[in-house]
Amino acid sequence: MTKLSRVPAAVLLAAMVLLSAIPQASAEDSDVGALHAAWRGCLHRNFGLQSVLTSRVLAVESALKSCRGSEGAYLSALSTSPLVDGEDVARVRPALIQRAKFWLLQKPNATRPL
């Protein structure tokens, strides 16, 4: 267990989002940002398609299910960071998924980050 394991999930989630959003020095770190962007893009595209066919709530669940591969790649890349480990990522995943649901259910022009 790392020192970060004692950090509240909200703080760890914020750190993970910031890690993926800021420009990084190494190629490996920039992959985290690219994987985060790919996951968000997948969620956005799938939600957009499904929300035309069904309710917004069902569209969110469908998008999350369809984008599990992108999510897994993003979370795996995060777990290689020197600031968090796999245990930290697993612990914060439910909060990240809730944030993704909230982001998708916002108004289409909302600019809140995921």
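Residues numbered from 1 in each chain as written. Predicted model: local features only at pLDDT ≥ 70, side-chain atom pairs only at ≥ 80, totals over all residues. Heavy atoms only, no water.

1. Describing the confidence of the model for the protein
Chain-level pLDDT for the protein is 79 on average; 67% of the residues reach the 70-or-more range. Within the protein, the lowest mean pLDDT, 48, falls on helix H1 (residues 9-21), and the highest, 96, falls on helix H3 (residues 56-66). The low-confidence segment residues 11-15 (pLDDT under 50) makes nine contacts with residues lying over four places distant or belonging to another chain. Under a pLDDT of 50 for its full length, residues 17-28 has, in the predicted model, 12 contacts with residues more than four places off or in other chains. (pLDDT = per-residue confidence, 0-100. Helix = DSSP H or I, 4+ residues; strand = E, 2+ residues; numbered from the N terminus. Contact = heavy atoms within 4.5 Å.)

2. Examining the state of the cysteines
On inspection of all chains with the given rule, the structure shows one disulfide. Between the sulfur atoms of Cys 42 and its disulfide mate Cys 67 the distance is 2.1 Å. Since a negative S-S torsion denotes a left-handed disulfide, the Cys 42-Cys 67 link at about -90° is left-handed. Of this pair, Cys 42 sits in helix H2 (residues 27-53) while Cys 67 sits in the loop between H3 and helix H4 (68-79), placing them 25 residues apart in sequence. For Cys 67, a relative accessible area of 0% corresponds to the buried category. (Disulfide = S-S within 2.5 Å. Buried < 20%, exposed > 50% of the residue type's maximum accessible area, 1.4 Å probe, protein only.)

3. Considerations on the nonpolar core
Counting 21 residues, the largest nonpolar core has Trp 39, Leu 43, Tyr 74 and Leu 104 as the members making the most contacts within it. Elements with a contribution of two residues or more to this core: H2, H3, H4 and helix H5 (86-105). When residues of this core are assigned to their parent elements, the largest contribution, six residues, is made by H5. (Core = buried A, V, L, I, M, F, W, Y, C linked by side-chain atoms within 4.5 Å.)

4. Some details on the environment of Lys 65
Along the chain, Lys 65 falls in helix H3. Spatially, the C-alpha atoms of Lys 65 and Asn 46 are 9.6 Å apart, while their sequence positions differ by 19 residues.

5. Considerations on the packing of aromatic side chains
Each pair of aromatic rings is reported with the distance of its centres and the angle of its planes. In the structure shown here, the tally under the stated rule is one aromatic pair. Relative to Tyr 74, the ring of Trp 39 has its centre 5.8 Å away and its plane inclined at 15°; by these criteria the two rings are stacked. Of this pair, Trp 39 sits in helix H2 while Tyr 74 sits in helix H4, placing them 35 residues apart in sequence. Note on Trp 39: relative accessible area 0%, which makes it buried. (Phe/Tyr/Trp six-rings, centres within 6.5 Å; stacked < 30°, edge-to-face > 60°.)

6. Section: the pattern of salt bridges
Charged atoms that come close allow side chains of opposite charge to pair. Per the stated rule, a full pass over the model turns up three salt bridges. Close ionic contact of Glu 61 with Lys 101 constitutes a salt bridge, the shortest N to O distance being 3.0 Å. One end of the pair, Glu 61, is in helix H3; the other, Lys 101, is in helix H5, with 40 residues separating them in the sequence. The partner of Arg 93 in a salt bridge is Glu 71, and the shortest N-O contact between them spans 2.4 Å. Pair noted here: Arg 93 is in helix H5 and Glu 71 is in helix H4, with a separation of 22 residues, a long-range link. (Salt bridge = Lys/Arg side-chain N within 4 Å of Asp/Glu carboxyl O.)

7. Observations regarding the environment of Ser 70
Position of Ser 70 relative to the elements: it lies in helix H4. For Ser 70, a relative accessible area of 23% corresponds to the partly exposed category. Separated by 31 residues in sequence, Ser 70 and Trp 39 have C-alpha atoms that sit 4.9 Å apart. Apart from residues no more than four positions distant in its own chain, Ser 70 is found in contact with Ala 38, Trp 39 and Cys 42.

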